[in-house]
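Examining the three-dimensional arrangement
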Amino acid sequence: MTTTDLHRLTGAYALHALSAKETAAFERHLAGCEACAQEAAELSATAARLGLAVTVSPPDALREQVLRRIGSVRQQPPDGAGPARPGRVPLRGRLLSRWALAACLAAAAAFGGTAVWQHQRAEDAAREARRAEQATDELAAVLAAPDARTRAASFGDGSTGTVVVSRSRDKAVFVVAGMPHPAHGKVYQLWFDDDGAMRSAGLMDPGRTDQAVLLRGGIDGASGVGVTVEPAGGSEQPTSAPLALLPFPA
Amino acid sequence: MKEAVHIGANPSSTPGLQELVGRVALGDEEAFAAVYDAVAGPVLGVVRAVLRDQAQSEEVAQEVLVEVWRTAPRYRPDRGTAMNWILTLSHRRAIDRVRSVEAAAAREHKAALLDRTPEYDEVTEQVEARLEREQVRRCLRTLTELQRQAVTLAYYRGLTYRQVAEALSLPLGTVKTRLRDGLIRLRDCLGVTA
Ligand SMILES: [Zn+2]
């Protein structure tokens, strides 16, 4: 199988639709292909949602049987020899680099409704492979959408943020300039503001002060975007007060 | 429709379950009982969707839940939520069972495969489960017909992509692509962030 073929197997892999032999080959590929590893992890999480949707009410007898059995089952030692779950792919640590390409979209003058965007390709763009390219394409599409609306804000410390929203694409892009680097071991995390409830919209690249980020997931009725400082890898819910809360343009 | 699909939040990221699994990793049986209560419904649901047979499904679900206890010390939160870990394991074990049975039995007829659409259990009254079901249904409707068929045959019927190709009379490459772009569309619709 060619490498191009392998890159396309993330979906089949996440659905357990590969043969044992193909699974083994793809897992070797995952170990060296960050784009696929990230995508496979996301698609596995997506497949799990298909599972959640068919939740049933288990019989009471099952509970008794399971709870009785665990009394006599010895647990594995934590991370002994060999990986406990060879099928799983690393997640959090890989989350950051996906924005590397997206970050190459530098914003120039996003004020007043019309924006001029410059697209610079990073030298390592080739290595960033499909996933990042898709994000970039999508990001560019949001910026170029006929119904794109922008709102800019100054954050007081000299940095500026601009949010670009395309209702027709149900997507938003957040552009910052002059943002200070987060403290070591910290990262800026973006959130959709769903009526006060924060929904993660992805992480920013801690290595860049200027970047454009496509917010993860659809706008889906959210009223704005928030930024918090989180431990590296991000959090499921904000653990600190937002540095900035920017309402989406109407 | 933009009604409050996110209000119930994503059950797979329910705070609390991570922590409970952490306690299970230390041998806490009480915490395991709480984990059981949180995941047994989804676990049995996944297994039953694939296996259909109730008795066999309960047997495999029991194995999965015991495996959760046994391997909890090796669960790595940095690699995904506990619910994702447990449901991926459930699907994997259901698939293993299907394939071991299939290896010994004749291949089912193509028409019979297409006939089997996922059964959504309407019994559970849990609000969170209902919201999840509605959201997944809504998002499945955003897929193309081929994407939806390919994804549901693979996930809910446990078919390999080769079997999906056979069932839908499509080239292998097309099926690989449909499984991938179908899941990507679903991911974006559901706002899955891994
Ligand atoms: Zn790859």
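Structure's up top.
Let me sum up the structure you'll find in this document. (Residues numbered from 1 in each chain as written. Chains lettered and ligands numbered in written order. Predicted model: local features only at pLDDT ≥ 70, side-chain atom pairs only at ≥ 80, totals over all residues. Heavy atoms only, no water.)

Here we look at the overall build of chain B
A count of helices and strands for chain B gives nine helices and zero strands. Ordering the α and β elements of chain B from the N terminus gives α-α-α-α-α-α-α-α-α. Taking contacts inside chain B between residues at least 6 apart in sequence as the whole, the part at least 24 apart equals 67%. Carbon and sulfur atoms form 53% of the exposed surface of chain B, whose accessible area is close to 8200 Å². (Helix = DSSP H or I, 4+ residues; strand = E, 2+ residues; numbered from the N terminus. Contact = heavy atoms within 4.5 Å. Areas by Shrake-Rupley, 256 points an atom, 1.4 Å probe, with all protein chains shown as cover.)

Considerations on the pairing of strand β5 (residues 171–177) of chain A
Within a regular strand, the side chains alternate between the two sheet faces. All names here are of chain A. Burial analysis of β5 places six of its seven residues in the buried class, the great majority of the element. Joining the antiparallel neighbours strand β4 (residues 160–166) and β5 is a turn of four residues, in which Asp 170 adopts a positive phi near 55 degrees. Alignment of β5 against strand β8 (residues 211–214), held across four bridges, turns out to be antiparallel. Following the sheet pairing, Val 175 is matched in β8 by Ala 212. (Buried < 20%, exposed > 50% of the residue type's maximum accessible area, 1.4 Å probe, protein only. Pairing = 2+ DSSP bridges.)

Focus on helix α5 (residues 60–70) of chain A
All names here are of chain A. Within the sequence span of α5, burial applies to Leu 62, Val 66 and Ile 70. Axial view of α5: buried residues confined to an arc of 55 degrees, hence all on one face. In α5, those exposed residues whose orientation departs by more than 90 degrees from the buried face are Asp 60, Glu 64 and Arg 68. (Arc of directions from axis to C-beta.)

Thoughts on the pattern of salt bridges
Oppositely charged side chains can pair when the atoms bearing their charge come close. All names here are of chain B. The full count for this structure, using the stated rule, is 19 salt bridges over all chains. The residue Glu 134 makes a salt bridge to Arg 137 at a minimum N-O spacing of 3.3 Å. Of the two residues, Glu 134 and Arg 137 are both situated in helix α6 (residues 127–140); the distance of three residues between them amounts to about one turn of the helix. Overall, Glu 134 belongs to the partly exposed group, its relative accessible area being 40%. For Asp 181, the salt bridge goes to Arg 178, with nearest N and O atoms at 2.9 Å. One end of the pair is Asp 181 and the other is Arg 178, both in helix α9 (residues 172–190) and three residues apart, which spans about a single turn. Arg 178 sits in the partly exposed class, given a relative accessible area of 24%. (Salt bridge = Lys/Arg side-chain N within 4 Å of Asp/Glu carboxyl O.)

Some words on the coordination of the zinc ion
Ideal geometry at a metal centre gives angles of 109.5 degrees when four donors are arranged tetrahedrally and 90 or 180 degrees when six donors are arranged octahedrally. Residues and elements named next belong to chain A. Those protein atoms acting as donors to the zinc ion are His 7 (ND1), His 29 (NE2), Cys 33 (SG) and Cys 36 (SG), and they sit at 2.0 to 2.3 Å. Relative to the metal, the four donor atoms surrounding the zinc ion lie at angles of 104 to 118 degrees, and the coordination shape comes out tetrahedral. Within one chain, the residues donating to the zinc ion are spaced in sequence as H-x21-H-x3-C-x2-C. Residue His 7 is found in helix α1 (residues 3–7), and its partner Cys 36 is found in helix α4 (residues 34–52); the two are separated by 29 residues along the sequence. By relative accessible area, His 7 is classed as partly exposed at 22%. (Donors = N, O, S within 2.8 Å, 3.2 Å for Na, K, Ca; no water. Tetrahedral: all angles 85-135°; square planar, octahedral: opposite > 155°, others 65-115°.)

What to know about the state of the cysteines
A covalent bond between the sulfur atoms of two cysteines is what we call a disulfide. Residue and element names in this part refer to chain B. By the definition in use, this model includes one disulfide over all chains. Here Cys 139 engages in a disulfide with Cys 189; their sulfurs sit 2.0 Å apart. Taking the torsion about the sulfur-sulfur bond, which here is approximately -75 degrees, the covalent link between Cys 139 and Cys 189 counts as left-handed. A residue pair is termed long-range when its members are at least 10 positions apart, and Cys 139 in helix α6 and Cys 189 in helix α9 qualify at 50 residues. Here Cys 139 and Cys 189 have matching classes, each one buried. (Disulfide = S-S within 2.5 Å.)

Some points on α9(B)
Owing to its 3.6 residues per turn, the α-helix aligns residues three or four sequence positions apart on the same side. Residues and elements named next belong to chain B. Taking 1.5 Å as the rise per residue, α9 with 19 residues should run 27 Å; its terminal C-alpha atoms sit 27 Å apart, in good agreement. Buried within α9 are the following residues: Val 175, Lys 176, Leu 179, Arg 180, Gly 182, Leu 183, Ile 184, Leu 186, Arg 187, Cys 189 and Leu 190. Looking one or two residues past α9, Gly 191 carries a phi angle of roughly 65 degrees, positive in sign. (Expected span 1.5 Å × (residues − 1).)

Some remarks on the side chain of A:Glu42
Relative to the helices and strands, A:Glu42 resides in helix α4. A distance of 3.0 Å separates a polar atom in the side chain of A:Glu42 from a polar atom in the side chain of A:Arg216. (Polar contact = N/O pair within 3.5 Å; in protein donor to acceptor, adjacent residues only side chain to side chain.)

Things to note about the packing of aromatic side chains
This model, assessed by the stated rule, comprises five aromatic pairs over all chains. Seen from their ring centres, A:Tyr13 and A:Phe26 are 5.1 Å apart, and the 50 degrees between their planes marks the pair as tilted. One end of the pair, A:Tyr13, is in helix α2 (residues 10–14); the other, A:Phe26, is in helix α3 (residues 20–32), with 13 residues separating them in the sequence. Of the two residues, A:Tyr13 and A:Phe26, neither departs from the other in class, the shared state being buried. Note on B:Phe32 and B:Trp69: the rings are 5.7 Å apart at their centroids and 80 degrees apart in plane angle, and the pair reads as edge-to-face. (Phe/Tyr/Trp six-rings, centres within 6.5 Å; stacked < 30°, edge-to-face > 60°.)

Things to note about unusual backbone geometry
Although it is not a glycine, A:His16 sits at a positive phi angle of roughly 55 degrees. Even without being a glycine, B:Ser169 presents a positive backbone phi close to 50 degrees. On the basis of relative accessibility, which here comes to 52%, the residue B:Ser169 falls in the exposed class.

Considerations on the environment of A:Cys36
All names here are of chain A. On the basis of relative accessibility, which here comes to 4%, the residue Cys 36 falls in the buried class. Linking Cys 36 and Arg 8, residues 28 residues apart in sequence, is a C-alpha distance of 8.5 Å. The residues contacting Cys 36, other than those within four sequence positions of it, are His 7, Thr 10, Phe 26, His 29 and Leu 30.

Here's the deal with the interface of chain A and chain B
Of the residues lining the interface, 73 residues belong to chain A; the matching set on chain B comes to 85 residues. At the boundary of chain A with chain B, total buried surface from both sides reaches about 7300 Å², with 58% on carbon and sulfur atoms. Applying the counting rule to chain A against chain B returns seven salt bridges. A salt bridge links A:Glu39 to B:Arg180, with the shortest nitrogen-to-oxygen separation between them at 2.5 Å. There are 30 residue pairs in polar contact (both at pLDDT 80 or more) connecting chain A and chain B. Going through the elements one at a time, α1, α2, α4, α5, α7 (125–144) and β7 (197–203) of chain A are the ones with two or more residues in the side of chain A that touches chain B. The element best represented in the side of chain A that touches chain B is α4(A), accounting for 13 residues. The residue makeup of the side of chain A that touches chain B, split by class, is 31 nonpolar, 20 polar and 22 charged. (Buried area = accessible area lost by both parts, 1.4 Å probe. Nonpolar A, V, L, I, M, F, W, Y, C, P; charged D, E, K, R; others polar.)

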